[in-house]
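As a plain string of letters, each chain reads:
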Amino acid sequence: MSDGALSPDWAPAFAAVPRSAFLPDLMWPFDMSTAKSVAVSKADDPEAWQRYAESDVPVVTQWDDGQHTGTEPGHVPTSSASMPSVVFRMLRDLDVCPGDRALEVGTGTGWNAAILAHRLGAQNVVTVEVDEAVAESARAALEQFGLPAQVIHGDGFQGYPDGAPYDRIIATCGLRSFPFAWVEQCRPGGMIVAPWGTHYSNGDAVARLVVADDGGSASGAFTGPVEFMKLRAQRLSPVVHRDYVAGSVADGEESSTTITEAELVGDRFSPQSFALGLRVRGCLNVIADKRDGARPVWFYGLTDRSWACVQFRDQDTARVWQSGPRRLWDEVEVAYRWWLGRDKPEHTRFGLTVTPEEQRAWLDDPADSWAL
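For clarity, every value in this text was computed on a predicted model and none was experimentally measured. (Residues numbered from 1 in each chain as written. Predicted model: local features only at pLDDT ≥ 70, side-chain atom pairs only at ≥ 80, totals over all residues. Heavy atoms only, no water.)

(A) Representation of the packing of aromatic side chains within the structure. What the rule picks out here adds up to 17 aromatic pairs. Through successive ring pairs, a cluster of aromatic residues spans Trp196, Phe222, Phe274, Trp338, Phe350 and Trp370. The ring of Trp111 carries Arg19 above its face, with NZ or CZ at 6.0 Å from the centroid. In this structure, Arg279 is placed above the aromatic ring of Trp338, and the distance from its NZ or CZ to the ring centre is 4.1 Å. (Phe/Tyr/Trp six-rings, centres within 6.5 Å; stacked < 30°, edge-to-face > 60°. Lys NZ or Arg CZ within 6 Å of the ring centre and 35° of its normal.)

What follows is the structure, given as structure tokens:
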């Protein structure tokens, strides 16, 4: 398992609660060699099914909000079992104590709730799932395994006030706006662990927030990058390119930049993408495939029809076009220079503060924050 060995306090729970007990007979694990989800049937290939169940890979268990049929992967994965290493890392961040009462948002297969229930007792774990069929399946699996945590079918964005207060709250879905209801339902000094990010990219970072003594806010640093399916209430509606660029990209205002593709884009979990999302509000970044040595990188405004495009080639400068009320590339370039000027901070130097009115990001010091 990546990110170090299991800690002694969690090792017994992971050993006692195998992921395989909560996976469906037909599942779609992510094959690392092909970078694609593959269908694996327990009936047709039990050895491959067990091998994937025990591997440190994410496993899709539902496509297209349950509308998918057949064995081939669907269009959008909508429920899954996370990589065991990610599950461990987030539970470690949660820092539970004996007797703690925990709320989980995003039940999925029920495996995460079962691990919590083994550690804290099933009577101390409540888990909320928005999809009724997924909730029913998880409830049955938890009961069959002998760890009947309370499974609620409902919108986890609202938490579950009937079971509050909680000592710990954990989410297994990506957030774009932090629900203050969770802060209200967590006791002062309690902790909330959840993947959080901006619409700039699909990437998240795990926020580890501590509720203030007066219950009026929660704040804390990020512990590292992850990528999760998004909370259904906060999914971004599809952005249609032609709604922004009706004609040719050359219709936009043209300029150039010396920032390279590698510097701007990085890899899947690069900190610069996370930082740019924090600094450039209401912006979606789309990285197109490379063709004939050129890669267009697009930026779309989410509050108006502003757009920008950078065309990267293997040259010292890249061409830029932008149009609309905002000059999105100018904003992105300023944000990138800001990130460079602060020694390229990793995810863990950033933090988040949530109040009833807003959420604010910060770098190194919560006192030096900005609104999102």
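Following the structure, the description resumes.
(B) Inspection of the pairing of strand S7 (residues 125-129) at higher detail. Burial within S7 is extensive, with five of its five residues counted as buried. Alternating residues of S7 divide into Val125, Thr127 and Glu129 and Val126 and Val128, and every residue in both groups is buried. Taken together, the four bridges between strand S6 (residues 102-105) and S7 define a ladder with parallel strand orientation. Bridge pairing in S7 places Leu103 opposite Val126. Handedness of the crossover joining S6 and S7 through helix H4 (residues 111-120): right-handed. Two strands pair when backbone bridges link them, and S7 and strand S8 (residues 150-153) are joined in this way by four bridges, in the parallel orientation. In the strand pairing of S8, Glu129 is matched with His153. Crossover S7 to S8 through helix H5 (residues 132-145) is right-handed. (Buried < 20%, exposed > 50% of the residue type's maximum accessible area, 1.4 Å probe, protein only. Helix = DSSP H or I, 4+ residues; strand = E, 2+ residues; numbered from the N terminus. Pairing = 2+ DSSP bridges. Right-handed = clockwise from strand over helix to strand, strands pointing away.)

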